[in-house]
Amino acid sequence: MAVGYRSIFSLRDSQDTARLTAEQFRSWLALKGYGFVAVAPGVHEVAEHAQLVVTELHPQDGSRSLRYRLTESSSAGEWATTVTVHSNDREDDWIWVDVNAPPSTPGPAASHERLVKDADVAGAWWTGVPHMVRVILSAADAHDGEMIMSARPILVTAADVDGLISAICDPGRRGNALVAAPVPDVPVPQMMGHVERLTRECVGLAGIYVLDTEAAAKLEESFAPSHSVPLGAVRTFLPGADPASAVDARRHRVLLARTIAEQAPGELAHLLGRAYRSRALNLPLPSHVVRVDRLLSREEPATVLRAIQETPPDPFARRPGDGAAGLAPAGQAATAAVRELAIAGELLTSLVSEFQSGRADVPGGPDDMTARFRELLAEGRGVLRGHREISRRLAALQDMLEDVEDDRDLVRARLEDEQLDHAETQAELLKAKLELDRLRGILSRAGRVDQTRAGAAAAQSPGSFAELLERLDEHVLACIIFTGDPKNALELDDFDPLGTWAAKSWDVLRVLDGYAAARRRGELSKGVHAYLGHTPPGRPGYPPGAHSAQESEPVERSPKLRKLRVFPVPRDIHPDGAIFMGAHFKIARKGLVSPRIYYHDDASQTGKIYVGYIGKHLPNAHTN
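Residues numbered from 1 in each chain as written. Predicted model: local features only at pLDDT ≥ 70, side-chain atom pairs only at ≥ 80, totals over all residues. Heavy atoms only, no water.

(A) Structural detail: the overall build of the protein chain. A tally of regular secondary structure across the protein chain gives 19 helices and 20 strands. Counting all 624 residues of the protein chain, 49% fall into the buried class. In the structure as shown, the protein chain presents an accessible area of about 30300 Å², 54% of it carried by carbon and sulfur atoms. (Helix = DSSP H or I, 4+ residues; strand = E, 2+ residues; numbered from the N terminus. Buried < 20%, exposed > 50% of the residue type's maximum accessible area, 1.4 Å probe, protein only. Areas by Shrake-Rupley, 256 points an atom, 1.4 Å probe, with all protein chains shown as cover.)

Here's what the structure looks like:
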């Protein structure tokens, strides 16, 4: 199973978090058709296909920790919903909800569209927002750091802007802050409803805010220009935003008004939900949550063992290899062995009772009974040794798991630092490239400055593929015509947290634009690859190794693979309204995602470059 949804939020200390969670959890079980289920500590068989394990801790510091783990079997596999609650008089209570989904392993008949719809980026089945999370956030005063957590968008007026800025800049929050700017002439209630539909899969993962007109103007005044939210746009602010840093602005993605208008609301809701889930699952758990999690993870197997000892399972009701669902990762590995030992212990106890009753119908007389008792005694000692060994192994596995988790979180933190350093280096490099282009132009034209204001603006990198598409729609690059599906490019934003790929893609498009302009002015007569090897002075360049003038021979020969590379063009370019595009640029290397740009060179005829695809690596002879 893989975690498909994770939400962590706090409740103000005036609320009885444990009681509220128990009530909502019981109501949720009833909605699922399980009727009345006790939520006391122990193991509860709530249905033939569902088991609930409840673990409770009362440490000496006066706190209280509760964990509910419901494991359900279905045709797709096992689903596990884990709700952890922690109460402490010295700080706010908190709730942590995880939903583990079975791996997505559809058969060969499953379509690509179904995979995109039903499977998340981690390869598990898509997990919607749990009903219980929506109910708790609707009924409670919840927060994440200084950010308000609610089941519905929060309207922000001018008087609320200072609080919103504090939440946006709060480094202590875990989730995203999603801020929607108003659309001119659209009433506030209508705008609130639109944002609610757009963010329905982000509940529990973000604080969702909608600005009214005055609030938008005040936020623009405080954040402009780098961190502002354009009218009609939606911006995602990661924790610890720094409005004074232009590079930091690239961390906080903008979904522009045009993109929102052109995409189906359902697709955008799923796109946002998938991106927010991906980030939440890749974040390390807060230290105070880790501490409680590890205590509960050690106690949970003990809870199951106690339940088995108190009520031994019927050896004919569940086969020893079936296992028990709902244990922590370390506990799952030993569940079958624990059940086998429990069954053996039950049989041993029964036989010893028979012996002690002094029954006379045992064949062989007292000597055979004594020998049999010694055998049973030896078996019993073996059971006890096995029980102790399993407990020891569970503890060792838990120690190993905790060490691995610590190492993983350290690597993630280092990766984030490296990504930010790389983004800052790239920003400096782009400035240097802009100056180099300018100086080359001056030298080649004997003092004529070839950098217009529009040219300088074109050289600035976009922070995301959404912004890149917006620039293409505005024809910032006069010789580039984008004919592809925007959805393929927008999906890359999930894998490009700081806009590095978007910046490199924009560099490539600038190069193609410069090439087409050079062809139009007669500065060269050969194709793109020749241009890259001998870039005219004053024109943008790019490493020739990242370019392929055509596809590989196996792709060229395969009708199936060729069809994947047929993209739209105007009918005056090709009467079919589409054409095979083999020429492409390699943007980055990242497994099967490795983004690509495919284009058709028509610079010698119309002076245009038609870009038919910006997106993930297309299947080839090796991946198909």
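(B) Representation of the packing of helix α4 (residues 161-168) against helix α6 (residues 213-223) within the structure. Axis separation between α4 and α6 bottoms out at 10 Å; the angle between their running directions is 50°. The angle between α4 and α6 places the two elements in the oblique class. As α4 runs across α6, the sense of the crossing is right-handed. Residues Val 161, Asp 162, Leu 164, Ile 165 and Ile 168 of α4 touch α6, and the partners they reach there are Ala 215, Lys 218, Leu 219, Ser 222 and Phe 223. (Axes fitted to C-alpha atoms, helices over the stretch in contact; angles between N-to-C directions. Parallel < 35°, antiparallel > 145°, perpendicular 65-115°, else oblique. Left-handed = near helix turned anticlockwise from the far one by under 90°. Contact = heavy atoms within 4.5 Å.)

(C) Structural view of the sheet that holds strand β18 (residues 584-586). Spatially, the five strands line up as an open sheet ordered β14-β20-β19-β18-β15, and their pairing is mixed. Here the strands that pair on one side only, and so sit at the sheet edges, are β14 (480-482) and β15 (547-548). Both strand β19 (residues 596-602) and strand β20 (residues 608-615) contribute to a ladder of seven bridges, which runs antiparallel. Among the inter-strand pairings, His 600 is bridged to a residue of β20, identified as Tyr 610. (Pairing = 2+ DSSP bridges.)

(D) View of the packing of aromatic side chains. Under the definition given, this model contains nine aromatic pairs. Relative to Phe 237, the ring of Phe 223 has its centre 6.0 Å away and its plane inclined at 55°; by these criteria the two rings are tilted. Residue Phe 223 is found in helix α6, and its partner Phe 237 is found in strand β12 (residues 234-237); the two are separated by 14 residues along the sequence. Look at Phe 223 and you get buried, because its relative accessible area is 2%. With 5.5 Å between their ring centres and 20° between their planes, Phe 567 and Tyr 613 make a pair best called stacked. (Phe/Tyr/Trp six-rings, centres within 6.5 Å; stacked < 30°, edge-to-face > 60°.)

(E) Spatial organisation of the side chain of Thr 483. By secondary structure assignment, the location of Thr 483 is in the loop between β14 and α15 (486-491). Reaching out from Thr 483, the side chain makes a polar contact with the backbone oxygen of Pro 568 at a distance of 2.6 Å. In this view, Thr 483 contacts Pro 568, Val 569, Met 581, Tyr 610, Val 611 and Gly 612; residues no more than four positions away in its chain are not counted. (Polar contact = N/O pair within 3.5 Å; in protein donor to acceptor, adjacent residues only side chain to side chain.)

(F) Representation of the pairing of β12 within the structure. What you see with β12 is no split at all: Val 234 and Thr 236 on one side and Arg 235 and Phe 237 on the other are buried throughout. In terms of strand pairing, strand β10 (residues 176-180) meets β12 through four bridges, oriented antiparallel. Residue pairing in the sheet places Ala 177 in a bridge with Phe 237 of β12. Looking at chain direction, β12 and strand β13 (residues 254-255) are connected through two bridges and run antiparallel. When the bridges of β13 are listed, Arg 235 appears paired with Val 254.

(G) Expanded view of unusual backbone geometry. With a phi close to 70°, Asp 185 is a non-glycine residue in the positive phi region. Position of Asp 185 among the secondary structure elements: in the loop between β10 and α5 (188-198).

(H) Up close: a nonpolar patch on the surface. A surface patch of nonpolar side chains, about 270 Å² in accessible area, is lined by Leu 397, Met 400 and Val 404. Here Met 400 is to be found in helix α12 (residues 365-444). In this structure Met 400 comes out as exposed when scored by relative accessible area, which is 53%. (Patch = residues over 30% accessible without salt bridge, like charges linked within 9 Å, V, L, I, M, F, W, Y side chains within 5 Å. Salt bridge = Lys/Arg side-chain N within 4 Å of Asp/Glu carboxyl O.)

(I) Quick peek at the sheet that holds β10. The sheet built from five strands is open, its strands ordered β9-β11-β10-β12-β13 with mixed pairing. Strands with a single pairing partner mark the edges of an open sheet, and in this sheet they are β9 (154-156) and β13. Each of β10, β11 (206-211), β12 and β13 touches helix α8 (residues 265-282); the most contacted strand, β10, lies at about 155° to it.

(J) Geometry of the pairing of strand β3 (residues 50-57). Extensive coverage of β3 is indicated by the burial of seven of its eight residues. With five bridges connecting them, strand β2 (residues 42-47) and β3 associate as antiparallel partners. Along β3, the bridge assignment pairs Gly 42 with Val 54. Where β2 hands over to β3, the hairpin turn is made up of two residues, counted between the paired strands. Looking at chain direction, β3 and strand β4 (residues 64-74) are connected through eight bridges and run antiparallel. Within β4, the position partnered with Thr 55 by the bridge is Arg 67.

(K) Structural detail: the packing of helix α1 (residues 17-31) against helix α3 (residues 131-139). The geometry of α1 relative to α3 is characterised by a closest axis approach of 10 Å and an angle of 140° between their N-to-C directions. By the angle class used here, α1 and α3 are oblique. Crossing angle aside, the handedness with which α1 passes α3 is right-handed. For the pair α1 and α3, the contacting residues are Leu 20, Gln 24, Phe 25, Trp 28 and Leu 31 in the first and His 131, Met 132, Val 135 and Ile 136 in the second. Considered class by class, the residues forming the contact of α1 with α3 number seven nonpolar, two polar and no charged. (Nonpolar A, V, L, I, M, F, W, Y, C, P; charged D, E, K, R; others polar.)

(L) Structural context of the pattern of salt bridges. Evaluated as defined, the whole model comprises 20 salt bridges. Between Arg 6 and Asp 98 there is a salt bridge, with the nearest N and O atoms lying 2.8 Å from each other. Within this pair, whereas Arg 6 is found in strand β1 (residues 2-11), its partner Asp 98 is found in strand β6 (residues 91-101), the two being separated by 92 residues in sequence. Each member of the pair, Arg 6 as well as Asp 98, is classed as buried.

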